[in-house]
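If you want the building blocks of each chain, they are given just below.
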Amino acid sequence: MRRPRILIVPVGKAVGPWLERLMGQLAEAFIAQIELAKPIPYPLPAFNPARKRFFAHLIIDYLREVAGNVDFVVGLTDVELYSVHCNSVICETHFQARSAVISVGRLRDFLFGEKPEEVFYQRLYKEILRALGHMMGLPPCSNPHCVMYPSLSLYETDLKSSSFCPECLLKLRLRVGPLPFLRESG
Ligand SMILES: [Zn+2]
């Protein structure tokens, strides 16, 4: 059976040592072909000078275009994003397009503790899991420990776990059908 392809695309200057770790961890969690694209330039038509931010939905469309026929595409960017609903968003996902964008820069807000880089990385991993969950058809989850919980702040993101709760795991299996997409440990 063909493995689903997940393409990660750095947009602008969203690169760092965390990227390699992320690719490795995604490959461990999903039975999928995880691919890393070369960084693409900022899509300038998506920039709104009045807001000094990029329009997330345009970036999502753009990512879908550049991704070709991969099953899921996730863009990671260092710039700030806004959506139709919100002046500042960390992650925007489009279910039908199977495309998402995450503002990696925003995940560096309010870092704390002795290992701030680790806090940042865990936030990123949770955001990407949630984006993939949504693109696979999972709705938001009311369990505050579940990765699908729609955190309203980074504080809530820090509190939740980086895994799907049993209910979401079941939904995911029902949605994805016979394809063993998530590894059992994931
Ligand atoms: Zn859940």
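Provided above is the structure to which this section pertains.
Described in the following lines is the structure provided in the data block. Predicted model only: the values in this text are computed from it and were never measured.

1. Some thoughts on the pairing of strand β7 (residues 91–94)
Right, so step 1: Inspection of the sheet shows β7 paired to strand β8 (residues 99–103) by four bridges, in the antiparallel sense. Residue His94 lies in a different strand from β8, and its bridge partner there is Ser99.
Right, so step 2: Counted along the chain from β7 to the antiparallel partner β8, the turn is four residues long, and its residue Arg98 has a positive phi close to 50°.

2. With respect to the environment of Leu58
Right, so step 1: When you line up the elements, Leu58 lands in helix α2 (residues 56–67).
Right, so step 2: For the pair formed by Leu58 and Pro43, sequence separation is 15 residues and the distance between their alpha carbons is 8.4 Å.

3. Regarding the sheet that holds strand β1 (residues 5–11)
Right, so step 1: Sheet architecture is open: five strands sit in the order β2-β1-β5-β8-β7, paired in mixed fashion. Unpaired on one side and paired on the other, β2 (33–36) and β7 mark the two borders of the sheet. Sheet twist, expressed as the average angle between the axes of neighbouring strands with direction ignored, equals 15°.
Right, so step 2: Relative to β2, β1 runs parallel, the two being bridged by four bridges. Looking across to β2, one finds that Ile6 is bridged to Ile34.
Right, so step 3: On the sheet, α2 packs against β1, β5 (72–77), β7 and β8 and is oriented at approximately 125° with respect to β8.

4. Some words on the nonpolar core
Right, so step 1: Ile59, Val74 and Ile102 are the most contacted members of the largest nonpolar core, which has 47 residues in total.
Right, so step 2: For this core, the secondary structure elements donating two or more residues are β1, α1 (17–29), α2, β5, β6 (81–82), β8 and α3 (116–135).
Right, so step 3: Non-local contacts of Ile102, meaning those with residues more than four positions away in its chain, are made with Val74, Leu76, Ile90, Cys91, Glu127, Ile128 and Ala131.

5. Some points on the sheet that holds strand β3 (residues 47–48)
Right, so step 1: With respect to topology, three strands assemble into an open sheet ordered β3-β4-β6, the strand pairing being mixed. Of all the strands in the sheet, the pair left with one neighbour each is β3 and β6.
Right, so step 2: Of the strand pairs in this sheet, strand β4 (residues 53–55) and β6 are connected by two bridges, and their pairing is parallel. Each residue of the ladder has a partner; that of Phe55, found in β6, is Tyr82.
Right, so step 3: Its contacts with the sheet put α2 on β4 and β6, and the angle it makes with β4 is roughly 55°.

6. Some points on the packing of α1 against α3
Right, so step 1: The N-to-C vectors of α1 and α3 enclose an angle of 45°; their axes lie 11 Å apart at closest approach. Of the possible angle classes, the one that applies to α1 and α3 is oblique. In the packing of α1 onto α3, the handedness of the crossing is right-handed. Two secondary-structure elements touch here, α1 through Trp18, Arg21, Leu22 and Gln25 and α3 through Tyr121, Leu124 and Tyr125.
Right, so step 2: Per-class residue counts for the contact of α1 with α3 are five nonpolar, one polar and one charged.

7. A word on α1
Right, so step 1: Its 13 residues place the ends of α1 19 Å apart at the C-alpha level, agreeing with the 18 Å of an ideal helix rising 1.5 Å per residue.
Right, so step 2: Within α1, the full set of buried residues consists of Leu22, Leu26 and Ala29. Looking down the long axis of α1, one finds its buried residues gathered within 65° of arc, a one-sided arrangement. Away from its buried face, by an angle of more than 90 degrees, α1 presents the exposed residues Pro17, Glu20, Gly24 and Glu28.
Right, so step 3: Along its buried surface, α1 packs onto β1, β2 and α3.

8. Structural notes on the pairing of β1
Right, so step 1: For β1, a buried count of five out of seven residues is recorded, marking the element as mostly surrounded by other parts of the structure.
Right, so step 2: Chirality of the crossover, the property in question, places the unit of β1, α1 and β2 among those that are right-handed.
Right, so step 3: Two elements, β1 and β5, share six bridges in a ladder whose sense is parallel. By the bridge assignment, Ile8 is partnered in β5 with Val74.

Cut-offs used in this document
- Residues numbered from 1 in each chain as written.
- Predicted model: local features only at pLDDT ≥ 70, side-chain atom pairs only at ≥ 80, totals over all residues.
- Pairing = 2+ DSSP bridges.
- Helix = DSSP H or I, 4+ residues; strand = E, 2+ residues; numbered from the N terminus.
- Axes fitted to C-alpha atoms, helices over the stretch in contact; angles between N-to-C directions.
- Contact = placed C-beta atoms within 7 Å.
- Core = buried A, V, L, I, M, F, W, Y, C linked by C-beta atoms within 7 Å.
- Buried ≥ 20, exposed ≤ 12 C-beta atoms within 10 Å, placed from the backbone.
- Parallel < 35°, antiparallel > 145°, perpendicular 65-115°, else oblique.
- Left-handed = near helix turned anticlockwise from the far one by under 90°.
- Nonpolar A, V, L, I, M, F, W, Y, C, P; charged D, E, K, R; others polar.
- Expected span 1.5 Å × (residues − 1).
- Arc of directions from axis to C-beta.
- Right-handed = clockwise from strand over helix to strand, strands pointing away.

Remember, this is a structural readout, not a statement about activity or role.
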